[in-house]
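An overview of the molecular structure
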Amino acid sequence: MSEIQARLVVQRGPNPGSAFELLSAIVKLGRSASNDLVINDPEMSRQHAQFLRHGDGYVIQDLGSTNGTFVNYQRVTGATPLSHGDVISFGEAIVLTYWDDSATDSQPVPPPTFQQQPPAATAVPTPPDPIIQTVPPPTPPQPSLPYDSPPVELAAPPNRRRWLVGCGLAFLLIICLCMGTLFFLDSYQQGRLLYCGGLRPFWQFLLGPFGFNPAC
């Protein structure tokens, strides 16, 4: 091999058309500045791939990159020999072409072309037939009949006043009966039945401050 025999030409990526010469036995490529060939692109890993001199040419080897290394659109899994015109891709955004000056009669592998399919014709929907609604003729008003039914009277609310008066009279009657009973017991046998029985402690507690002291 001569001193300058192999190089990489950028087809797609940063600085399209620029070329990188492969001069060393080992050439590392990636996003990090410590590489021999630096391609600063998000698709590139820090240590993406390396080129190894093998015989009269080079082989390429992926270094465990995230987006992968492809030769002629086939992902490489080990050391893959390179031929003049091979298309090398790193991810989807970086495409390089491998040139070998000792084999200028070869033609590089062109990148695949994607033909955009023409948009399918969109069928124009046919408007639905108008819906014709038949409106019936208005019904003539019927003559109103005289309303002879007597009005319904609402039930009157309960007479609370009468109920309260009845409760008050019953309470007064009970008070009168109690008072009459007390007067009767007070006069019967000089009140012994009222004051000297089981209610004596009650009367002493209630009337004791007023000098209550019945003679039992």
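All residue numbers refer to positions counted from 1 along the written sequence of the respective chain. The model is predicted, so local features are restricted to residues of pLDDT at least 70 and side-chain atom pairs to those at 80 or more, both for listing and for counting; the totals for chains, interfaces and linings are taken over all residues. Water and hydrogen atoms were dropped before computing side-chain values, which therefore reflect all heavy atoms in the structure.

Looking at the element boundaries, Ala-79 is found in the loop between β8 (74–75) and β9 (80–81). Burial here depends on accessible area, computed with a 1.4 Å probe over protein chains only, as a share of the maximum for the residue type. Under 20% is buried, over 50% is exposed, and the range in between is partly exposed. Of the residues examined, Ala-79 reaches a relative accessible area of 53% and is grouped as exposed. The sequence separation of Ala-79 and Ile-60 amounts to 19 residues, and the corresponding C-alpha distance is 5.5 Å. It only takes one pair of heavy atoms within 4.5 Å for two residues to be counted as in contact. Excluding residues that lie within four positions of it along the chain, Ala-79 makes contacts with Val-59, Ile-60 and Gln-61. Only DSSP runs of H or I covering at least 4 residues are called helices, and only runs of E covering at least 2 are called strands; the numbering of each starts at the N terminus.

A separate point is unusual backbone geometry. Even without being glycine, Asn-15 reaches a positive phi, approximately 55 degrees. Within the secondary structure, Asn-15 sits in the loop between β1 (6–12) and β2 (19–22). Overall, the relative accessible area of 59% leaves Asn-15 in the exposed class. For Asn-72, which is not glycine, the phi torsion reads 55 degrees and is therefore positive. With respect to the helices, strands and loops of the structure, Asn-72 is situated in the loop between β7 (69–71) and β8. Taking relative accessible area as the criterion, Asn-72 reaches 26% and is therefore assigned partly exposed.

Mapped onto the elements, Asp-100 comes out in strand β11 (residues 94–100). Sequence-distant contacts of Asp-100, defined by excluding residues within four places in its chain, comprise Gln-5, Asp-56 and His-84.

Turning next to the nonpolar core. The definition of a nonpolar core used throughout is a set of buried Ala, Val, Leu, Ile, Met, Phe, Trp, Tyr and Cys residues joined through side-chain atoms within 4.5 Å. The biggest cluster of nonpolar side chains holds 21 residues, and the ones touching the most others in it are Leu-22, Phe-51, Ile-88, Phe-90 and Leu-96. Breaking this core down by element, the ones donating at least two residues are β1, β3 (26–30), β5 (49–54), β6 (57–62), β10 (87–90) and β11. Here Leu-96 is in contact with Leu-8, Val-9, Val-10, Gln-11, Leu-29, Ile-39, Asp-86, Val-87, Ile-88 and Phe-90, once residues within four sequence places are set aside.

Turning to the sheet that holds β1, a few remarks are in order. Overall, antiparallel pairing links the six strands, which are arranged β2-β1-β11-β10-β7-β8 in an open sheet. The open sheet has two edge strands, β2 and β8, and neither has a second partner. Pairing between strands is defined by DSSP: at least two bridges between them are needed. Direction of pairing for β10 relative to β11: antiparallel, over a ladder of four bridges. Across the sheet, Phe-90 pairs through a bridge with Ile-94, a residue of β11.

In short, geometric facts, not functional conclusions.
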